[in-house]
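Coordinate inspection notes
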Amino acid sequence: MLTKFGDVTETLFLKGFEAHKLHHEFSVATGVGAIAVRKAQPVKLTAEGNVEPAGSAEPAQNIIGYSIHNGNPGELVTIAMKAYGIVYCKPNAAVEAGPVQYAGQNTAEPEYPAVATIAAGEPNLMGWALDEADGANDMIRLALI
């Protein structure tokens, strides 16, 4: 155990996540039933784009990565992500944060890709919408796998 600034911590990572891989900061979900995220715990996105612990039976496509920090609801944690990059996109319809598939290019601004929500188990996972789009042409961030 290491002691730093009065805290006692235990090492959970035998080998650290690769520094050149994508790491991104998220807020831990708040609200009724919200629970803390712990180091090395797999996480998934809420519909609003926050993270929460993934359950033991969570489909793999919903798990965006693994927390490298402990965080209580409302706090920020850094996630070592499965994704390799984040781009902007504009869906052609409302999209919740979470797993998405490619839906062609945006009809109003074709330089942006469009995405659509997919159900658990569908094979066309493109990545994860990191934000929710309230309607067509809302700019959101997309984590690509």
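Counting restarts for each chain: residues are numbered from 1 in the order of the written sequence. Owing to the predicted nature of the model, reporting of local features is limited to residues with pLDDT of at least 70; listing and counting of side-chain atom pairs is limited to 80 or more, with chain, interface and lining totals taken over all residues. Remark: hydrogens and water are excluded; side-chain values derive from all non-hydrogen atoms of the structure.

1. Here's the deal with the overall build of the protein
Where helices and strands are cited, they refer to DSSP runs of H or I of at least four residues and of E of at least two residues respectively, numbered from the N terminus. Along the backbone of the protein there are zero helices and 12 strands. The order of helices and strands in the protein, counted from the N terminus, is β-β-β-β-β-β-β-β-β-β-β-β. Residue exposure (1.4 Å probe, protein chains only): buried if accessible area is under 20% of the type maximum, exposed if over 50%, otherwise partly exposed. Burial analysis of the protein (145 residues in total) assigns 38% to the buried set. Look at the contacts in the protein between residues 6 or more apart in sequence, and 57% of them connect residues 24 or more apart. For every accessible area listed, the method is Shrake-Rupley and the probe measures 1.4 Å; residues are considered covered only by the protein chains on display. With the model as given, the accessible surface of the protein reaches about 8200 Å², and the carbon-plus-sulfur share is 53%. Throughout, a contact is declared for two residues whenever any of their heavy atoms are within 4.5 Å.

2. Focus: the side chain of Q61
You can see Q61 is positioned in the loop between β5 (51-53) and β6 (63-67). On the basis of relative accessible area, Q61 is assigned to the buried category, the value being 12%. Dropping the residues within four chain positions of it, Q61 is found in contact with P99, I118, A119, A120, G121, E122, L125 and W128.

3. Re a negative patch on the surface
Residues form patches when they are more than 30% accessible in relative terms and have no salt bridge. Like charges link within 9 Å. Nonpolar side chains (Val, Leu, Ile, Met, Phe, Trp, Tyr) link within 5 Å. Whenever a carboxyl oxygen of Asp or Glu lies within 4 Å of a side-chain nitrogen of Lys or Arg, that contact is scored as a salt bridge. Under the convention used here, Asp and Glu are negative, Lys and Arg are positive, and both His and the chain ends fall outside the count. Where a charge lies is defined by one atom per residue type: Lys uses NZ, Arg uses CZ, Asp uses CG and Glu uses CD. A contiguous patch of negative charge on the surface is contributed by E48, E96, E132 and D134. Looking at the element boundaries, E132 is found in the loop between β11 (127-129) and β12 (140-144).

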